Amino acid sequence: MKHLLRALLFFVLALVAWEALFRAKIWSPVLVPSPVSVGRYLYEAAVDGTLWDATLVTMRRLLLGYGFGIALGLPLGLLTARFRIVKDTLGLVALGLQTLPSVCWVPLALLWFGQSETAMFFVVVMGTLWSMIIATDNGVRNVPPIYARAARTMGSSGLQLWFRVMLPASLPYIVSGMKQGWAFAWRSLMAAEIYVTILSGFGLGNLLHYGRELNAMEQVIGIMFVIIVIGLLADKILFSPWEKFLHRRWGTAK
Amino acid sequence: MTLSTELQSETPSKLSVQHISKRYRSGGREVHALDDVSLEVGEGEFICLVGPSGCGKSTLLNIIAGLEFADEGRLYTAGAPITGPGRDRMVLFQEAALFPWLDVLDNVLFGLKLKPGLSGAERTEVAQFYLKLVGLEKFTKSYVHELSGGMKQRVALARALAPNPRVLLMDEPFAALDALTRQQLYGDLQDIWQQHRKTIVFVTHNVREAVCLGDRVALFSPHPGRIKEQFTITLPRRRDINSIELARYAIEITAALKGDARPSDEYAI
Ligand SMILES: Nc1ncnc2c1ncn2[C@@H]1O[C@H](COP(=O)(O)OP(=O)(O)OP(=O)(O)O)[C@@H](O)[C@H]1O
Ligand SMILES: [Mg+2]
């Protein structure tokens, strides 16, 4: 409670300082809009629906690509952990491509798929897939060998051992990988949406881009605010509690 | 198979270890972990392996468990050669090695589910029977991180007993516990062993523990790992670890151990 109050107080003060800065008119109001106008923009965009539409478009792209990346990365990660040859080939590729900021895929995606939803999908998948492969592989390698030994004495082997022991044992690491994959996917999608306009749907990134073109600074800042909130919600509500819970129960907490 | 026959203990089996040798090669160095080790363990016998660190006790146990393989020699349980892990030989490790993603009941059920011939309800009943035996019937829904070290080893014991093995292999299972918890477990383990006859091979550093539990104590000497001497313990059961007769045995065995111990090695008497 004390922490919450303190945080609240800080943000109120920051808003007041911002408004004061605006009123002082040191910079043109085009460059520094007042917090009130940002709030008004968000309110209007929410009322006329553009904000919800854009959020929906963005979330749909994100979930589609992210879901696919996870669904593909998990089995591939298990294969890299299980087979040396996959580790030496695909594992190496994943390691290399994971270091590539996924916005670098945008030009290639445009050449291959044109200005289409497929291009967006591709970029998000590339943002998710490699870190998911690496996290899964790493998770399995971190499983204490004693689990597999204990399971084998009880008659576990083959696929049963993999699905009933290795996979659940590496879950905390896999969820950490999913969280990281989400962060990468989110960043790459925003970059792609700012960079590319697709007529089939305007996402949050597109709104941000148009805000700049129209010199509507309150729109730019308003949308940035929305992007931050979505990122925080995903991290603090979706992933972090789950991650903490798993690391605690599995005894793998750092 | 019906539940009542399932809950009846299998007859313990004879264990025969014949001329086992094992070497490890790591980084150009070769360790002769076991050198021509032979050991006969009778049906329902409780044998303790004692010896300085690195003399190959765990290696021998793992080979009997079928988790590792000997370079030379043969092993038989109940007359059949050991070729890999098997439900007739269950293992208790120093770490309980319970699965944290399962609750206590499901941990005990893990091995049972791999055993054919039982219905789901029967499995649950068997698991609950063994949890009761180790005194944890009230903790079936707890998760591993909520248990104390002693409780974890009790669950691990229930898990190892549940598939009704004929041999129980224990590798320093109580080493990480406090003295009081350990003493309770000595008593409980002796009771369980007397009610549900199993052939038990028990590895420990603690000479007193070995004398308290074992019908026989086998002393190992290191580099290369060999059985140096064996002692038969004739004290009546149930034994109290603090008794004077037990201490006499312990002193004798410790003296024999120190014969080849380096000064840095320490033994609890
Ligand atoms: N996987 C392995 N690779 C290489 N060397 C090994 C391996 N396992 C055991 N050793 C070596 O074999 C020897 C016997 O090891 P083992 O674990 O059986 O000893 P121990 O008697 O159980 O010792 P402790 O009482 O400390 O548990 C040691 O010298 C050890 O270094
Ligand atoms: Mg050992």
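Residues numbered from 1 in each chain as written. Chains lettered and ligands numbered in written order. Predicted model: local features only at pLDDT ≥ 70, side-chain atom pairs only at ≥ 80, totals over all residues. Heavy atoms only, no water.

A.B. asks: Help me understand the site of ligand 1 in this model?
C.D. replies: All names here are of chain B. The environment of ligand 1 is formed by Tyr24, Val31, Ala33, Ser53, Gly54, Cys55, Gly56, Lys57, Ser58, Thr59, Glu172 and His205. The separation between an oxygen atom of ligand 1 and a polar side-chain atom of Ser53 is 2.5 Å. In this structure, Thr59 approaches ligand 1 through a side-chain N or O atom, which is 2.5 Å from an oxygen atom. In isolation ligand 1 exposes 630 Å². Once the protein is present, 66% of that is buried. (Near = heavy atom within 4 Å. Polar contact = N/O pair within 3.5 Å; in protein donor to acceptor, adjacent residues only side chain to side chain. Areas by Shrake-Rupley, 256 points an atom, 1.4 Å probe, with all protein chains shown as cover.)

A.B. asks: What is the right way to read the side chain of Lys115(B) from this model?
C.D. replies: With respect to the helices, strands and loops of the structure, Lys115(B) is situated in the loop between helix 3 (104-113) and helix 4 (120-133). Excluding residues within four positions of it along the chain, Lys115(B) makes contact with Glu6(B), Arg87(B), Arg123(B), Pro163(B) and Asn164(B). (Helix = DSSP H or I, 4+ residues; strand = E, 2+ residues; numbered from the N terminus. Contact = heavy atoms within 4.5 Å.)

A.B. asks: Just checking my understanding: could you explain the pairing of strand 3 (residues 46-50) of chain B for this structure?
C.D. replies: Every regular strand shows the same layout, with side chains that alternate between the two sheet faces. All names here are of chain B. Counting buried residues in strand 3 gives 5 out of 5 residues, a clear majority hidden from the surface. The two faces of strand 3 match: Phe46, Cys48 and Val50 on one face and Ile47 and Leu49 on the other face are all buried. The sheet contact formed by strand 3 and strand 9 (residues 216-221) spans 4 bridges and is parallel. Residue pairing across strands places Cys48 opposite Val217, the latter belonging to strand 9. (Buried < 20%, exposed > 50% of the residue type's maximum accessible area, 1.4 Å probe, protein only. Pairing = 2+ DSSP bridges.)

A.B. asks: Explanation requested: the interface of chain A and chain B in the structure shown.
C.D. replies: Reports often express the size of an interface as the amount of accessible area lost when the parts come together. At the interface, 18 residues of chain A touch 23 residues of chain B. Regarding the contact of chain A and chain B, the summed buried area is about 2000 Å², with carbon and sulfur atoms giving 69% of it. Sorting the residues of chain A by area buried against chain B places Thr153(A), Met154(A) and Arg249(A) first, and these three jointly supply 39% of that buried surface. In this structure, the connection of chain A to chain B is made through 1 salt bridge. (Buried area = accessible area lost by both parts, 1.4 Å probe. Salt bridge = Lys/Arg side-chain N within 4 Å of Asp/Glu carboxyl O.)

A.B. asks: What's the story with unusual backbone geometry in this structure? I'm lost.
C.D. replies: A negative phi holds for most residues other than glycine; trans holds for most peptide bonds. Cis geometry is adopted by the peptide bond preceding Pro224(B), which originates at His223(B) and carries an omega value of -10 degrees. Tracing the sequence through the fold places Pro224(B) in the loop between strand 9 and strand 10 (226-232). Note the cis peptide between Arg237(B) and Arg238(B), where omega equals -5 degrees. Positive phi, close to 55 degrees, is recorded for Lys25(A), a residue that is not glycine. With respect to the helices and strands, Lys25(A) occurs in the loop between helix 1 (2-24) and helix 2 (35-48).

A.B. asks: What's the story with the domain arrangement of chain B in this structure? I'm lost.
C.D. replies: Residues and elements named next belong to chain B. Taken as a whole, chain B is organised into domain 1 (9-88 + 167-269) and domain 2 (98-164). Computed over C-alpha atoms only, the centres of domain 1 and domain 2 are separated by 25 Å. The interface of domain 1 with domain 2 comprises 16 residues on the first partner and 15 residues on the second. Overall, the association of domain 1 and domain 2 removes approximately 1300 Å² of surface from exposure, summing both partners, and the carbon and sulfur fraction of that is 65%. Here domain 1 and domain 2 share 1 salt bridge between them. The residue Arg154 makes a salt bridge to Asp188 at a minimum N-O spacing of 2.8 Å. Counting every contact that joins domain 1 to domain 2 gives 4 residue pairs in polar contact (both at pLDDT 80 or more). Looking at the side of domain 1 that touches domain 2, the elements that each hand over two or more residues are strand 7 (167-171) and helix 6 (179-195). Top contributing element to the side of domain 1 that touches domain 2 by residue count: helix 6, with 7 residues. Split by residue class, the side of domain 1 that touches domain 2 holds 7 nonpolar, 5 polar and 4 charged. (Domains from an automatic or database assignment. Nonpolar A, V, L, I, M, F, W, Y, C, P; charged D, E, K, R; others polar.)

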